[in-house]
Number of protein chains: 4
Amino acid sequence: MIKAAVIGATGYSGATLISILANHKDVEIVGLTSKSYVGKKFSDIYKNFKGIVELELEEQNLPEISKKTDVIFVCLPHGIASNEVTQEVLNNSKVIDLGADFRLKDKNCYEAWYKVEHKGEDVLAGAVYGLPEWNEEKIKTAKLIANPGCYATASILTVAPLLKEGLVNSNDIVIDAKSGVSGAGRSLDLSVHFCECNETIKPYKIATHRHTPEIEQVLSDISGVNVLLNFQPHLVPMNRGILACAYLKPTKDVSLDELKEVYKKYYQNKAFIRVLEGDEAPETKWTKGSNYCDINVFKDRRTGRILAFGALDNLVKGAAGQAVQNMNIMFNLDETSGLKNNTVFP
Amino acid sequence: MIKAAVIGATGYSGATLISILANHKDVEIVGLTSKSYVGKKFSDIYKNFKGIVELELEEQNLPEISKKTDVIFVCLPHGIASNEVTQEVLNNSKVIDLGADFRLKDKNCYEAWYKVEHKGEDVLAGAVYGLPEWNEEKIKTAKLIANPGCYATASILTVAPLLKEGLVNSNDIVIDAKSGVSGAGRSLDLSVHFCECNETIKPYKIATHRHTPEIEQVLSDISGVNVLLNFQPHLVPMNRGILACAYLKPTKDVSLDELKEVYKKYYQNKAFIRVLEGDEAPETKWTKGSNYCDINVFKDRRTGRILAFGALDNLVKGAAGQAVQNMNIMFNLDETSGLKNNTVFP
Amino acid sequence: MIKAAVIGATGYSGATLISILANHKDVEIVGLTSKSYVGKKFSDIYKNFKGIVELELEEQNLPEISKKTDVIFVCLPHGIASNEVTQEVLNNSKVIDLGADFRLKDKNCYEAWYKVEHKGEDVLAGAVYGLPEWNEEKIKTAKLIANPGCYATASILTVAPLLKEGLVNSNDIVIDAKSGVSGAGRSLDLSVHFCECNETIKPYKIATHRHTPEIEQVLSDISGVNVLLNFQPHLVPMNRGILACAYLKPTKDVSLDELKEVYKKYYQNKAFIRVLEGDEAPETKWTKGSNYCDINVFKDRRTGRILAFGALDNLVKGAAGQAVQNMNIMFNLDETSGLKNNTVFP
Amino acid sequence: MIKAAVIGATGYSGATLISILANHKDVEIVGLTSKSYVGKKFSDIYKNFKGIVELELEEQNLPEISKKTDVIFVCLPHGIASNEVTQEVLNNSKVIDLGADFRLKDKNCYEAWYKVEHKGEDVLAGAVYGLPEWNEEKIKTAKLIANPGCYATASILTVAPLLKEGLVNSNDIVIDAKSGVSGAGRSLDLSVHFCECNETIKPYKIATHRHTPEIEQVLSDISGVNVLLNFQPHLVPMNRGILACAYLKPTKDVSLDELKEVYKKYYQNKAFIRVLEGDEAPETKWTKGSNYCDINVFKDRRTGRILAFGALDNLVKGAAGQAVQNMNIMFNLDETSGLKNNTVFP
């Protein structure tokens, strides 16, 4: 059994992670930590876990916890993990960080976008970006995984095949993305008050969302060219789900069939990517609760633009599910272990 | 492996059942039927099942299907199962009917409330009401299970211990219940148009809901006295969940502690009942996706009334989950097999 | 023109009040106050008012504001108005308090339920309960109006005719009520986080909600007998609306027609009560944005119970609309002035 | 008093129109028609209108109705108005068509996108596109108004100033739009079943939405150059609201201040356009119930792209409110008559 701990267990990503780990036949949860609720039972905070997970929340002491774990999942706000995930911790335990601190390779880029100093530069160098569909080999041997952002996962998976094949212009891309409210976390803020986000839609962080450099970095790595794009998120009145809509310019004449083939080439053997048939539109509801990302590609015959859409559950493939997928790969388990057949609709 | 088929696979109960069965280690789904979608793949109707369940929808031929199954789950509108679940079918396969046709023992009562003739009177006599917490022994040997109604499950579980102990008046009970929209099924009707049921709450079937005689029959059986009550449902703008709120009159002076003890007495060994502590209020969100029913009891010191609340997921404990729980018992499996640790929040 | 000010302008009741007053042909808004946003424009907080109401938010100084106003609407948390609405203020201006401080006549009862000292006992004695359908004469000459609570308005209007006529038992009443989230106000709390109250329903303040003594007091006044009842609120995932469902016991044999006649007797000349026909169920959506309360009464022929349902918009008839209705009466205007024909659906 | 009739009164646009007309001091509603509900009272279908509008629904006979009206509002599915709005009707009464039949000047273009023959070519020639902010002079003298589509209104208002000034490339435009469910109308369809569109977001009519040629035609007219663009709609789980997000390429170096100035130049005197300040994001909630369109423009300094966002209420500025605005202009009334100060939040 893999001994696992979750740091920051009481956020939505942490709770989703725990629900997956509790069902994972090869995992034993040995520790849950919290800043606000130390000493309380996890199931007193998330009452859905009564009778399922009855652990008490501990102090957030990574060096101690690392001594008793094989893997630590870190679900903390940015700027904290980079301090806490030290080489000492990594000597004891593998770490999968669901936050942003180890995603950007360039410390300066991180500091420019996140407005905090990055104090874990030594550790950062060894971090592996945990997007299994494009980085599986490195994940296998990683000690520290930077689990991709929810928007980044949806965006990268949706456009990567086209960029990799050089079929679309790398600096003329618009990604218009839409997310459910759980993406904003469980912290209190007027913007997540029910009456303020119900029955409305809005763009936010206009031209400034922090997943932008992450998407560009990873797509540049995959394609081998410098990718520059517009990423624009919106808040949708629903609990879960992300939809990424990419507007792309072809670099040459390419048919819809050829576009579809490219997606199949890269994804047909990927357990968690479903390339949809015909003109089926990805919808977030079909991915709710599961680790799937549903993708489809279209061509506008009038303007010549290529449209690609990707939908996923921000808490699963966009966070906790992908983290477990990474763990499975790191521990040489079936990639889908604990992640199969989960689906919730309606 | 238990060979199972689902008749009426494309309603919400059917689809939820399939998601549970697909994860059940002792079950093989060998047939799915539909009236409207014969020849299509189930996953073309419910696209969340792409890659999970790829069976094609067959004709709804129970005699044929019963030859290849150990258990048939029937998810049909009332008035149909009573014709189709014949003795011939039952000779071949066990049947769990999620509809209403075998719940009321009295054919006349059924016909008075459901306004259709009951043509399966011979079969009706052998049907067992599938509420495991109160009827486990009979379920073990049953050939035909009448799976309880969603409202009935929530209502009965919430008040049965008090009636069983004679602590509350049996003919002075109000149950005010609230349900998400999936309870109304997937059929098209103005009442389930998004704009018509979003942002509103309403009572419906005032003093005439068909789960009323079912609740009364079962509570009368359990308590040994004739139960007469008001049951009033409401439609709530959410996908899933039922909350039953019971207003009861004590028959004698009883403390809150004694009331709590009664619930523990009957439910502490029940896998899927969680009697909440202190003044915790049951909320449907904590039961979403799971087979749990959360219950708590209160006493109004001013009026003397006893208040009991029960919350569950109408598609799981109120339908598909309970059906699988019944199957587990009928096939001598662990009652919780395939039903453990499922929880979805937010 | 009536010079009006709103104290506590930036809560949901305050904002709704301002939207009604801005359309009232006989009213000029001369002041808006806030605790948190002094110096900001009201339309910077509620951006829907850009181009409609451009006043700046002032300090909450009632003595000063009372010098320039004919009427002050007070929208403050309980425990504050009783300090601030002094005799001095009332000498200058009429006051309509939308909070709870002047609703309960008995200081001790107030302090027992609200857990704060009531410091305005002198003023309390002269306060008039502002439910126009039952108290119009006193409202006409009042200096200080205690505007009814949202739940209280729905509950009282729904059952008062039956109690007034002595048709129902006065100490055997259950009112099960359901409210949208705006009833909880705009303050930050985990219970109003979108993901925590979306897709769920729950009871709250079980057997302890503060509108209980208010409902009992007013119904006792109306009926002339001592009313004792159970009032139980629930939170529904919608922005607006309250539904009150009353379960009553007849004191004598009475037909449905007679019950309907009683409602018509008291309400047919009331501008804002719509007694529905036949078996139409009140739904909150039909009252959204309007000052109407929709009511209907039913009889359960099986149990003999009488069921009465009332629906209204908690921010309009349950708060701001009723306050303006009171103002209209106090200033000898048409009761419906500024309140006619407002309806929003879907 | 202007005598007005509404053809197709029982759709969401029709009902919203009636709520505005009922409050318009210069209008008398003299007729409401329906296909499905002839002989019923309008307020039996939309119960919010009980006590407000009690007219009976008539047969849909335009020649007859035109004899008693000054203006007819037509709210019919496409393909019908083009048959029914004849020269004879127009000789009797002005007509404002809220449907699509008279929006596209080119019969062939209409037939290519709408897949029905256009039988009203003679009348089409005289139709005026009713977007007052850009076409007021022609509206003043029009007999027949083609009221713009909801998406078209949001899209055109959002990008027209930039195109008019030649500041953005006319054939490299992406408009990603999001709409509430009322935009899909009141007809029954699985896609508007509550459980199917709640808690999800999806793109639809990918690269094929019929408002595309309308947007292009009008923007081409305004700018004097041929506009070719991608328009992509999405369905959002909310009742009302449209958000249009435009991604544009500058034709020359232009500062954010200059961009803002362009919007002010065209819109500062327009009663129903609010150009937001600073980095305020348009949100649909701030426009709910009102005839406003809120707009703001941004510049992405990294990519150089210009982003413009527009939000409105699809049933008001996107349909019924704009129709009344057109009527006001046609009858030489204040443009804002009946449309002022309406706002609903939360």
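Residues numbered from 1 in each chain as written. Chains lettered and ligands numbered in written order. Predicted model: local features only at pLDDT ≥ 70, side-chain atom pairs only at ≥ 80, totals over all residues. Heavy atoms only, no water.

### Comments concerning the nonpolar core
For the record, the criterion: In this description, a nonpolar core means a group of buried Ala, Val, Leu, Ile, Met, Phe, Trp, Tyr and Cys residues linked to one another through side-chain atoms lying within 4.5 Å. Under the scheme applied here, a residue whose accessible area is under 20% of the maximum for its type counts as buried, over 50% as exposed, and between as partly exposed, the area being computed with a 1.4 Å probe on protein chains only. Contact criterion: two residues are considered in contact whenever any of their non-hydrogen atoms come within 4.5 Å of each other.
Phe73 of chain A, Phe73 of chain B, Phe73 of chain C together with Phe73 of chain D are the most contacted members of the largest nonpolar core, which has 196 residues in total. What Phe73 of chain C contacts, discounting residues up to four positions off in sequence, is Ala4, Ala5, Val6, Ile7, Leu17, Leu21, Ile96, Leu98, Ala323, Val324 and Met327 of chain C.

### A short note on the packing of helix 9 (residues 150–164) of chain B against helix 11 (residues 211–223) of chain B
All names here are of chain B. To keep things clear, this is the line we draw: Simply put, an axis is a line fit to the C-alpha atoms, just over the touching stretch for a helix, and the angle between two N-to-C directions goes from 0 to 180 degrees. In this text, helices come from DSSP runs of H or I with a minimum length of four residues, and strands from runs of E with a minimum of two, each type numbered from the N-terminal end. Oblique is the label for any angle not under 35 degrees, not over 145, and not in the 65 to 115 range, which are roughly parallel, roughly antiparallel and roughly perpendicular in turn. Left-handed is the label given to a crossing in which the near helix is rotated counterclockwise from the far helix by less than a right angle, and right-handed is the label when the rotation is clockwise. We call Asp, Glu, Lys and Arg charged. Ala, Val, Leu, Ile, Met, Phe, Trp, Tyr, Cys and Pro are nonpolar, and the rest, Gly among them, are polar.
Two elements in contact, helix 9 and helix 11, have axes whose closest approach is 9 Å; the angle formed by their N-to-C orientations is 30°. In this view, helix 9 runs roughly parallel relative to helix 11, as classed from their interaxial angle. Once helix 9 is placed against helix 11, the crossing between them reads as right-handed. Side by side, helix 9 and helix 11 meet where Cys150, Tyr151, Ala152, Ser155, Ile156, Val159, Ala160, Leu163 and Lys164 of the first sit next to His211, Glu214, Ile215, Val218, Leu219, Ile222 and Ser223 of the second. Looking at the contact of helix 9 with helix 11 residue by residue, the class counts come to 11 nonpolar, 3 polar and 2 charged.

### Remarks on the packing of aromatic side chains
Convention followed: Here a Phe, Tyr or Trp ring, Trp counted by its six-membered ring, pairs with any other such ring whose centre lies within 6.5 Å, and the pair is stacked when the planes are under 30 degrees apart, edge-to-face when over 60, and tilted otherwise. Only when the NZ of Lys or the CZ of Arg is both within 6 Å of the ring centre and within 35 degrees of the ring normal is a charge said to sit over the ring.
The tally for this structure, following the rule as stated, stands at 50 aromatic pairs over all chains. Grouped by ring-pair contacts, the aromatic residues Tyr12, Phe42, Tyr46 and Phe49 of chain A together with Trp286 and Phe345 of chain B constitute a single cluster. Here Arg274 of chain A stacks its cationic end above the ring of Tyr292 of chain A, 3.9 Å away from the centre of that ring. Lying across the ring of Phe331 of chain D, Lys94 of chain D places its NZ or CZ 4.7 Å from the centre.

### Focus on empty space enclosed by the protein
This is how it is decided: The way it works is a 1 Å grid over only the protein atoms, where trapped points that fit a 1.4 Å probe form a cavity and open points with protein on both sides within 12 Å along at least five of seven lines form a pocket, and then any residue with an atom within 4 Å of a point lines it. Grid points are joined across faces, edges and corners, and a volume is the space filled by probe spheres set on the points.
Overall, the coordinates contain 6 cavities of 30 Å³ or more when judged by the stated rule. Here the largest cavity is characterised by a volume of approximately 90 Å³. Every residue along the wall of the largest cavity is listed here: Asn239, Arg240, Lys288, Val344 and Pro346 of chain A, Asn239, Arg240, Lys288, Val344 and Pro346 of chain B, Glu199 of chain C together with Glu199 of chain D. Taken together, the residues of the lining of the largest cavity sort by class into 4 nonpolar, 2 polar and 6 charged.

### Digging into the sheet that holds strand 4 (residues 71–74) of chain D
Residue and element names in this part refer to chain D. This is how it is decided: Only when DSSP finds a minimum of two bridges between them are two strands counted as paired.
Strands sit in the order 3-2-1-4-5-7-6 across an open sheet of 7 strands; the sheet is parallel. Edge positions in the sheet fall to strand 3 (57–58) and strand 6 (128–129), since each of these pairs with one other strand and no more. Inspection of the sheet shows strand 4 paired to strand 5 (residues 94–97) by 4 bridges, in the parallel sense. Residue pairing across strands places Val74 opposite Asp97, the latter belonging to strand 5. Across the sheet, helix 13 (residues 316–330) is in contact with strand 1 (2–7), strand 2 (27–33), strand 4, strand 5 and strand 7 (144–146); its angle to strand 5 comes to roughly 155°.

### As for the relation of the copies chain B and chain A
The operation relating the pair of chain copies consists of a rotation about an axis and a translation along that axis. The test is simple: Residues reaching a pLDDT of at least 70 in both copies supply the C-alpha atoms on which the copies are superposed by least squares.
Superposition record for chain B on chain A: RMSD 0.0 Å, screw rotation 180°, translation along axis 0.0 Å. The superposition operator between the copies reduces to a two-fold rotation axis. Closest approach to the rotation axis within chain B is made by the C-alpha atom of Val344 of chain B, at a distance of 4.1 Å. Take the interface residues of chain B: 100% of them recur as interface residues in chain A, which is what a same-surface contact looks like.

### Focus on helix 13 (residues 316–330) of chain A
Residues and elements named next belong to chain A. Where we set the bar: What a helix should span is 1.5 Å times the count of its residues minus one.
Between the first and last C-alpha of helix 13 there are merely 18 Å, a value that for 15 residues lags more than 12% behind the 21 Å anticipated at 1.5 Å per step. Burial within helix 13 is extensive, with 15 of its 15 residues counted as buried. Following helix 13 by one or two positions, Asn332 adopts a phi angle in the positive range, close to 60°.

### Considering the interface of chain B and chain A
Heads up, the rule is: Accessible area, probed at 1.4 Å, shrinks when two parts are joined; the buried area is that loss added up over both. Salt bridge, as applied in this entry: a Lys or Arg side-chain nitrogen positioned within 4 Å of an Asp or Glu carboxyl oxygen.
With 33 residues of chain B in contact, the opposing surface of chain A contributes 33 residues. For the pairing of chain B and chain A, the buried interface totals around 3,000 Å² over both sides, and the portion due to carbon and sulfur atoms is 53%. Linking chain B with chain A are 4 salt bridges, by the criterion used here. Linking Lys50 of chain B and Glu280 of chain A is a salt bridge whose minimum nitrogen-to-oxygen distance equals 3.3 Å.

### Observations concerning the interface of chain A and chain D
Facing 47 residues of chain A, the contacting portion of chain D comprises 47 residues. Taking both partners together, chain A and chain D bury about 4,200 Å²; carbon and sulfur atoms supply 57% of that area. Counting the surface chain A buries against chain D, the share from its top three residues, Glu199, Ile201 and Arg302 of chain A, is 17%. Run the count over chain A and chain D and you get 10 salt bridges. With its nearest N and O atoms 2.8 Å apart, the salt bridge here joins Asp172 of chain A to Lys249 of chain D.

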